[in-house]
Amino acid sequence: MMLPHVLTLGDKNLSFEDMAHLIRAAALTGYREVMSELGFKPDRLLNQFGIRPALLKAEDAMLPMEAVCDLLEESSRLANCPDLGLQIAQHQHFGVLGILGIAAHNARSPAEATRIVERFIFIQGTSLRLRIHRPSPVNPQMISVGIEVDGMAPERQRQVAMIFLGLIYQSGRVRDPDGTKIKLVSFQQELGNDYRLFQRHFHVPVHENAPVTALHLPASEWNTPVPIENPEFSQFVEDYLARHYPTPSSRFREQVSTVLKPVLGTPQANRDDIAAILAVHPRTLHRRLREEGTSFDDIKDEMLREQALKYLRETRFSLNQISLMLGFPYQSSFTRSCRRWFGMAPTALRRKLDA
């Protein structure tokens, strides 16, 4: 499989294992605008790190996490912009998180919003983790909430962490315009002369050289109800997430389905790549699926079948477009699969569905 050419800050080729974790392209919403404002050509930098600029228009496209992190760190260095991630976050809103953002935005308390994000943050990025400290290591009367990239050195994830920290802060301000919840923000790095740059993004005190990079709110406010217009809708969205995005603690088949879904139809939708994302050997993946009475090929075939039916029933895409979207090399291959799945060609099936 040909992988995009991606450079580290030292201009070394990344191995496939380095590129195994993915993040939604929506995380880079605002990147091009900010870099252009800073006087740089963002597309040139995107291409340097193996990220096609056109992918940024498709929020659900999946990008290599390592490439995104290194792109942001290098962009911050080149532009002498230590708060780059926070500037990018100002171009975003909770909708960038997709249905996860909708669920968190409609949560009934800070505790519920955090629980939802903590459970489903892997939808946004397979190695993203929400870190909650009770009590906060900065203030024992508070609870801290931060974002980390699992398994990556702190200096390589600073800007990505800033993006999500800024996004969560802004989303919290929308729900809490009086600013009674978030009381301070902390950063692990020394801010020095850049302190004012960071302070201007927040309406609360900013701490440097802290044990965690996080937002902090009083423990007494953790379970305080937040008025919402439709509590039933909040529960509906969370139930939807639970049905369609099983957590990593569920059956292995469901873990495979979860990471396969966003890359279905791309070259990464193969057993070796999915095994790498799940941090297991391909033979281990095969064995564990066999123990559950299935296989990778069976799971992928079932997902392709469901997606093909959805496209034929709900869209007016041409058969050639659908073939390409599902990763078939030729339309004839898609037609053969449709005959196997449904007992008829896709054209006949579409007519039947339209009837």
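Here the structure is a predicted model, which is why all the values come from computation and not from measurement.

1. Comments concerning the overall build of the chain
Working step 1: In terms of regular secondary structure, the chain is built from 16 helices and seven strands.
Working step 2: Across the 355 residues that make up the chain, the buried fraction comes to 50%.
Working step 3: Of all intrachain contacts in the chain linking residues separated by at least 6 positions in sequence, the fraction that spans at least 24 positions is 66%.
Working step 4: As displayed, the chain has an accessible area near 17500 Å², and 50% of this comes from carbon and sulfur atoms.

2. Description of the packing of helix α13 (residues 296-314) against helix α16 (residues 346-354)
Working step 1: The geometry of α13 relative to α16 is characterised by a closest axis approach of 9 Å and an angle of 55° between their N-to-C directions. Considered as vectors, α13 and α16 are oriented oblique to each other. In this structure, α13 meets α16 at a crossing whose hand is right-handed. Across the interface between the two elements, L309, Y311, L312 and R313 from α13 touch P346, L349, R350 and L353 from α16.

3. Observations regarding the side chain of S76
Working step 1: Residue position: S76 is located in helix α3 (residues 65-78).
Working step 2: Discounting residues that sit within four places of it in the chain, S76 has contacts with C81, P82, L84 and Q159.

4. Focus: the pairing of strand β3 (residues 128-133)
Working step 1: Every second residue of β3 is oriented toward a common face, the buried set being L128, L130 and I132 and the non-buried set R129, R131 and H133.
Working step 2: Direction of pairing for β3 relative to strand β4 (residues 142-149): antiparallel, over a ladder of six bridges. Within β4, the residue paired with R131 across the bridge is G146.

5. Remarks on the packing of aromatic side chains
Working step 1: Applying the stated criterion across every chain yields a total of seven aromatic pairs.
Working step 2: When the ring of Y169 is compared with that of F202, the centres are 4.9 Å apart and the planes differ by 80°; the resulting orientation is edge-to-face. Of this pair, Y169 sits in helix α7 (residues 158-175) while F202 sits in the loop between α8 (195-199) and β6 (206-207); the two residues are 33 residues apart in sequence, bridging distant segments of the chain. You'll find Y169 and F202 in the same group, each marked buried.
Working step 3: On the numbers, 6.0 Å between centres and 70° between planes, the contact of Y311 with F317 is edge-to-face.
Working step 4: With relative accessibility at 14%, the residue Y311 sits in the buried group.

6. A look at the nonpolar core
Working step 1: If you look at the biggest cluster of nonpolar residues, it comprises 55 residues, and the most contacted ones within it are L28, Y31, L72 and L128.
Working step 2: Tallying contributions element by element places α3 first for this core, with six residues.
Working step 3: With residues near it in sequence (within four places) discarded, L28 still touches L46, L56, L63, V68, L71, L72 and Q92.

7. With respect to the confidence of the model for the chain
Working step 1: Put simply, the chain has an average pLDDT of 84, and 88% of its residues get 70 or more.
Working step 2: Every residue in residues 1-20 scores below 50 in pLDDT, and together they form 41 contacts with partners more than four places removed in sequence or on other chains.

8. A closer look at the packing of helix α10 (residues 252-260) against α13
Working step 1: As a packed pair, α10 and α13 sit with axes 11 Å apart at the nearest point and diverge in direction by 50°. Compared by their axis directions, α10 and α13 come out oblique. The way α10 lies across α13 gives a crossing that is right-handed. Touching R253, V256, S257 and L260 of α10 are F296, I299, K300, E302 and M303, all from α13.
Working step 2: Among the residues making up the contact of α10 with α13, the classes are represented as five nonpolar, one polar and three charged.

Reading guide: rules and limits
Counting of residues starts from 1 at the beginning of each chain's written sequence and follows it residue by residue. Where totals are concerned, whole chains, interfaces and linings use all residues; where local detail is concerned, this predicted model gives features only for residues with pLDDT of at least 70, and gives and counts side-chain atom pairs only at 80 or more. No hydrogens and no water enter the side-chain calculation; it runs on all heavy atoms of the structure. Secondary structure is summarised from DSSP: a helix means a run of H or I of at least four residues, a strand means a run of E of at least two, and numbering begins at the N terminus for each. Three exposure classes are used, based on accessible area relative to the maximum for each residue type with a 1.4 Å probe and protein chains only: buried under 20%, partly exposed in between, and exposed over 50%. Any two residues whose heavy atoms approach within 4.5 Å at even a single point are treated as in contact. For every accessible area listed, the method is Shrake-Rupley and the probe measures 1.4 Å; residues are considered covered only by the protein chains on display. Every angle, taken between N-to-C directions, lies between 0 and 180 degrees, and every axis is a line fitted to C-alpha atoms, over only the stretch in contact when it is a helix. Oblique is the label for any angle not under 35 degrees, not over 145, and not in the 65 to 115 range, which are roughly parallel, roughly antiparallel and roughly perpendicular in turn. Throughout, a crossing is termed right-handed when the near helix is turned clockwise from the far one, and left-handed when it is turned anticlockwise from it by less than a right angle. Strands were regarded as paired on the criterion that DSSP finds at least two bridges between them. Aromatic pairs are defined between Phe, Tyr and Trp rings, using the six-membered ring for Trp, whenever the two ring centres lie within 6.5 Å; interplanar angles under 30 degrees are classed as stacked, those over 60 as edge-to-face, and all others as tilted. As used in this record, nonpolar core signifies buried Ala, Val, Leu, Ile, Met, Phe, Trp, Tyr and Cys residues forming a set joined through side-chain atoms within 4.5 Å. The pLDDT value tells you how sure the predictor is about a given residue, anywhere from 0 up to 100. Here the term charged refers only to Asp, Glu, Lys and Arg, the term nonpolar to Ala, Val, Leu, Ile, Met, Phe, Trp, Tyr, Cys and Pro, and the term polar to all other amino acids, Gly among them.

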